[in-house]
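Coordinate analysis (summary)
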Amino acid sequence: MIKSVFTLILLHISILTLGQDDIYNNSDFKYDNYIYNDNIYSAQIHKKGFPLSMAILDINNLNKNLLLSFDDFNDDVIDYYYTLIHCNANWEPSNLQKNEYILGFDEGYIEEYKFSYNTIQPFIHYSLEFPQEEHMPTKSGNYIIKVYPSNHPDKAILSARFMIYNPQIIIDADIKKATSVKKRDKMQEVDFVLNTKHIYISNPMQEIKVTIVQNNRRDNIITNIKPMNIRGDILKYDYEEENLFMGGNEFRHFDMKSFRYQSDRVKKIDVFSSQNHIYLYTDEIKTYSPYIFENDINGRRLIKTSDYENTSTEADYAWVHFRIPYPAPLLDGEIYILGELTNWQLDKKSRMTYNYEHKAYEDSIYLKQGYYNYLYAFLEDGKKEGDLTLLENSFSETENSYTIFVYFRQQGGLYDKLIGVESFSSVIK
């Protein structure tokens, strides 16, 4: 015990000596939800007991209220540690030193793990309830939790975003069809008002940053929008262009909570080469289809098995095979599968391949049992935002979830405080 405490003290001193930039700014590290190791699957972060929630905490109620979990396909248990990185509103490391936003040790140890049971795919399930008393964040703002093997902080296996806010403002929003007649059939307008009566802000135009997120997507975020009108404590954001989102379409879905029966979207369940395979029905192009409401979960996933009692260790894995027809391969961009099942990333892990024989785009993703939402996005070469209109269409009536984040950095401040978070659902008639 004495030896382990002494080791932690030495590690604490060495980390402070090295400085934040030397440890965390390795070239391949991303300040996002990301998996760096091919043996790591199904990483999740959410409020404890609420698997579909965003990882956001009130600074007044922090202790062990978030749950981070992941599966490791390695055969042996590995000692995994974690640390927290404070970020600014744009998800870049802030100017704070570790001891300025962490009370206690700089890193923590992930103690909880269990071996899989009744599964074809063997794995070890790790979980962490945090923040913990010996590793407690003290500032509001954006955070990254970084997980790595013992003594190798430069070799992250995963990173995940979470946020801590100090509720000091009131946010009220009105989500409606676009004001512009040309855009009102396909786009949604997010107008909102900030009430700052509980906090002194000397220069709102410079000190306030606002971020609007649609359904947890990363590629179409609206940032740095300025108030159109300021009257005393009221900041009004009522634009016709700057706050527009494509409405998109309701998410597609598939249910593989059980491998014993085929749900409405599953065409075939098979086992070969010692692996489960789920073949979905070929998806239809919705470009010219009318809007139909579906009660989706806005792109999220619910990892769960109905075959056994313990989802974390008895839910198995399967290759899920996707296919959507298209007459010829696109020459000016690529098709991607978009949703929490691909970490909302438009990258090589979510990119589809054109099959000339089937005249379709196809992909296979290795997923844990559960219920999943997804969409097909076209990413034109040179662009950053995925286009849903090519295969999904877009409607102003679509039900979406919008979250507004409000950051405050007073003049001369070192970091962006998160002073308000509010989510709204678009129910447009």
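In this report, we go over the structure that sits alongside the text. All of these numbers come straight from a predicted model, not from anything done at the bench. (Residues numbered from 1 in each chain as written. Predicted model: local features only at pLDDT ≥ 70, side-chain atom pairs only at ≥ 80, totals over all residues. Heavy atoms only, no water.)

Here's the deal with the pattern of salt bridges
All chains considered together, the criterion is met by 18 salt bridges. Salt-bridge contacts for arginine 301 lead to glutamate 340; the nearest nitrogen and oxygen are separated by 3.9 Å. Here arginine 301 is found in strand β23 (residues 301-303), whereas its partner glutamate 340 is found in the loop between β25 (333-338) and β26 (353-355), with 39 residues between them in sequence. Close ionic contact of lysine 383 with glutamate 380 constitutes a salt bridge, the shortest N to O distance being 3.3 Å. A cluster of three or more residues bridged by salt bridges with shared partners is formed by Arg252, Arg265, Asp283 and Glu392. (Salt bridge = Lys/Arg side-chain N within 4 Å of Asp/Glu carboxyl O. Helix = DSSP H or I, 4+ residues; strand = E, 2+ residues; numbered from the N terminus.)

Examining the nonpolar core
The biggest cluster of nonpolar side chains holds 31 residues, and the ones touching the most others in it are Phe70, Phe130, Ile145, Val147 and Phe162. Of all the secondary-structure elements, those providing two or more residues to this core are β2 (40-47), β4 (66-72), β5 (80-87), β9 (124-130), β11 (141-149) and β12 (158-165). Ranked by size, the runner-up nonpolar core spans 26 residues in total, among them Leu280, Ala318, Met352 and Phe378. (Core = buried A, V, L, I, M, F, W, Y, C linked by side-chain atoms within 4.5 Å. Buried < 20%, exposed > 50% of the residue type's maximum accessible area, 1.4 Å probe, protein only.)

Observations regarding a nonpolar patch on the surface
Taken together, the side chains of Val77, Tyr113 and Phe115 present a nonpolar region at the surface, about 270 Å² in accessible area. The topology assignment puts valine 77 in the loop between β4 and β5. For valine 77, a relative accessible area of 32% translates into the label partly exposed. (Patch = residues over 30% accessible without salt bridge, like charges linked within 9 Å, V, L, I, M, F, W, Y side chains within 5 Å. Areas by Shrake-Rupley, 256 points an atom, 1.4 Å probe, with all protein chains shown as cover.)

Regarding the pairing of strand β14 (residues 187-195)
Counting buried residues in β14 gives 8 out of 9 residues, a clear majority hidden from the surface. Here 8 bridges tie strand β13 (residues 170-177) to β14, and the two strands are oriented antiparallel to one another. From the neighbouring strand, lysine 177 faces β14, where its bridge partner is glutamine 188. Sheet topology note: the β14/strand β18 (residues 234-237) ladder contains 4 bridges and is antiparallel. Following the sheet pairing, phenylalanine 192 is matched in β18 by tyrosine 237. (Pairing = 2+ DSSP bridges.)

Notes on the side chain of aspartate 296
Residue position: aspartate 296 is located in the loop between β22 (275-280) and β23. Despite its burial, aspartate 296 remains without a salt bridge, the nearest opposite charge being carried by arginine 300 at 8.0 Å. Here the side chain of aspartate 296 touches phenylalanine 251 through a polar contact of 2.9 Å, landing on its backbone nitrogen. Excluding anything up to four places from it in sequence, aspartate 296 contacts Glu250, Phe251, Asn373 and Glu399. (Lys, Arg positive; Asp, Glu negative; His and termini not counted. Polar contact = N/O pair within 3.5 Å; in protein donor to acceptor, adjacent residues only side chain to side chain. Contact = heavy atoms within 4.5 Å.)

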